[in-house]
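Inside the fold
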2 protein chains.
Amino acid sequence: MSAATPSNHPPLLAEAPAGADTRTRIRHAAARLFARRGYAGTGLKQVATDAAAPFGSIYHFFPGGKDALAEDMIRTTGPQFMALVLGLLEERADPVEAVVHAFDSAAEELVADSYADGCPVATMALDVADTNEPLRRAAADVFAEWLDGGTAWFSRHVARDRARDLALAMIMLTEGAFLLGRTTRDPGPLRAAGRTMGTLVQSALDATPRGPRSR
Amino acid sequence: MSAATPSNHPPLLAEAPAGADTRTRIRHAAARLFARRGYAGTGLKQVATDAAAPFGSIYHFFPGGKDALAEDMIRTTGPQFMALVLGLLEERADPVEAVVHAFDSAAEELVADSYADGCPVATMALDVADTNEPLRRAAADVFAEWLDGGTAWFSRHVARDRARDLALAMIMLTEGAFLLGRTTRDPGPLRAAGRTMGTLVQSALDATPRGPRSR
DNA sequence: GTCTATAATACGATAGAC
DNA sequence: GTCTATCGTATTATAGAC
């Protein structure tokens, strides 16, 4: 029923659409660069170049400068990334198959884009965790939303406290798998993370003998 | 038997010893800054300042400049970090208790250092994965060593293919937990990762009815 | 070996013409 | 709103005195 689109994944970090306006082009270029090169490693000059926009336009649309652009990027790509994962989970009805499938799909995409794009907020989060409090909070808010959303999803199958731990494990395994996958240029970690999540979901299901929600 | 030292953890990213020579002071200062602020976010001038060393000494001891310093940092702190984790695992005889205890200890340390220090190579790895091939390879080598070491450790209790997946899960959960913990300023993810690893090890043990090694 | 001065370049940010 | 020129200030790296 819900297994609709097989794999027409949203671009997420793709270039801006053809006739996009300047502001949109800047946002897309910044998202790509921040995700791939980190906060300090991204220069606004290159953002303007990649966006085919004049340098001054960055400060016209984002008066807060680099920090405003970075916070906008974290708060927009964060929810998009969660929506993408939740969409993959919906492609399989069985929860064990769903998590395995989601990670397998992520593994395919990582290979497809030459190991360039993983989690759009992880690099930024580590870069700013100790140096930029507003950006750290933005990343923390994103992770908190992910945890809520993941807990809600797993709560359809297991008790809430177990669902929360499953959601946490899902986020941590995703982040760790992308870190290893991008660094070693190997989709294996993502697939292994899928197998691991399958085991964890199965264990939680086994410990939840009744119907979907126990309360 | 092996449960010797309770928690006298090595410093890892601490300042250089009192009478340390210039080269050692530079290495320690660079390790701290690279781990906390990332590759592009770390300036060699500040490395010299923190090391209480003249700026030119950096290029005297590390003719390769910033890249040489960074690669040295990755290849030295990487094995140190694995040794620290393996040491924590040795503090409990039962493998399930061992992984739970290791993550609980890591959670304590993260709080103790005000959420500053997590994995010393993760931030660097994400920063350079797409921009600096030699450093990316250095980080990949470190992760490969961790995987081998972790597989060997879990192979004492379960079959080798299961041990490898457990080691992968341990690395990924560790990285994900430090990412979430540092970003949200919460030791909860590390403790949750410990519970999750405990579940996984128990599942693997249940599937390995015979003695320690099945082959 | 230790330390300083400086070169060459890139950065974020701003001013101001159009 | 679009675009360019420029201001300070960082950066990495080097040259050279001591």
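Residues numbered from 1 in each chain as written. Chains lettered and ligands numbered in written order. Predicted model: local features only at pLDDT ≥ 70, side-chain atom pairs only at ≥ 80, totals over all residues. Heavy atoms only, no water.

An unreviewed UniProt entry lists chain A under the name Transcriptional regulator, TetR family protein, with Isoptericola cucumis given as the organism.

1. Re the protein's contact with DNA strand D
To keep things clear, this is the line we draw: Only heavy atoms are used to decide nearness, and a residue is near a molecule or strand if one of them lies within 4 Å of it. Polar contact criterion, stated in full: a pair of N or O atoms within 3.5 Å, where within protein one must be able to donate a hydrogen and the other to accept it, and residues adjacent in sequence count only if both atoms are side-chain atoms. For helices the rule is a DSSP run of H or I covering at least 4 residues; for strands it is a run of E covering at least 2, with both sets numbered from the N terminus onward. Only Asp, Glu, Lys and Arg are considered charged, only Ala, Val, Leu, Ile, Met, Phe, Trp, Tyr, Cys and Pro nonpolar, and every remaining residue, Gly among them, polar.
T42(B), L44(B), F55(B), Y59(B) and K66(B) are the nearest of the 14 residues found near DNA strand D. Backbone sugar and phosphate groups make up 58% of those atoms of DNA strand D lying within 4 Å of the protein. A distance of 3.2 Å is found between a phosphate oxygen of DNA strand D and a backbone nitrogen or oxygen belonging to T42(B). The separation between a phosphate oxygen of DNA strand D and a polar main-chain atom of K66(B) is 3.1 Å. Of all the secondary structure elements, the ones that give two or more residues to the surface near DNA strand D are α3 (55-61) of chain A together with α2 (44-51), α3 (55-61) and α4 (65-89) of chain B. Looking at the surface near DNA strand D, its residues break down into 6 nonpolar, 6 polar and 2 charged.

2. Examining the pattern of salt bridges
Residues and elements named next belong to chain A. The condition is simple: By convention in these notes, a salt bridge is any Lys or Arg side-chain nitrogen within 4 Å of a carboxyl oxygen on Asp or Glu.
The final tally for this structure, using the stated rule, is 18 salt bridges over all chains. Where R137 meets E133, a salt bridge forms, and the shortest distance between an N and an O atom there is 4.0 Å. With R137 and E133 both in helix α7 (residues 133-154) and 4 residues apart, the pair spans about one turn of that helix. Linked through salt bridges whose partners overlap, the residues forming this network are E71, R75 and D141.

3. Describing the interface of chain B and chain A
As a reminder of what qualifies: Contacts are assigned to residue pairs that have any heavy atoms within 4.5 Å of one another. The buried area of a pairing is the accessible area, by a 1.4 Å probe, that goes missing from both parts when the two are put together, added over both.
Each partner contributes to the interface: chain B provides 43 residues, whereas chain A provides 43 residues. Buried surface at the junction of chain B and chain A, both sides included, amounts to about 3,700 Å², of which 68% is carbon and sulfur. The three residues of chain B that bury the most area against chain A are L126(B), M172(B) and T183(B), which together make up 19% of that side's buried surface. The tally of links from chain B across to chain A stands at 4 salt bridges. Among the salt bridges present, the one from D165(A) reaches R195(B), with a minimum N-O distance of 2.8 Å. Scanning the region where chain B abuts chain A turns up 6 residue pairs in polar contact (both at pLDDT 80 or more). Elements with a minimum of two residues in the side of chain B that touches chain A: α1 (22-37), α6 (122-128), α7 (133-154), α8 (160-184) and α9 (188-206) of chain B. For the side of chain B that touches chain A, the element with the most residues is α8(B), which contributes 14 residues.

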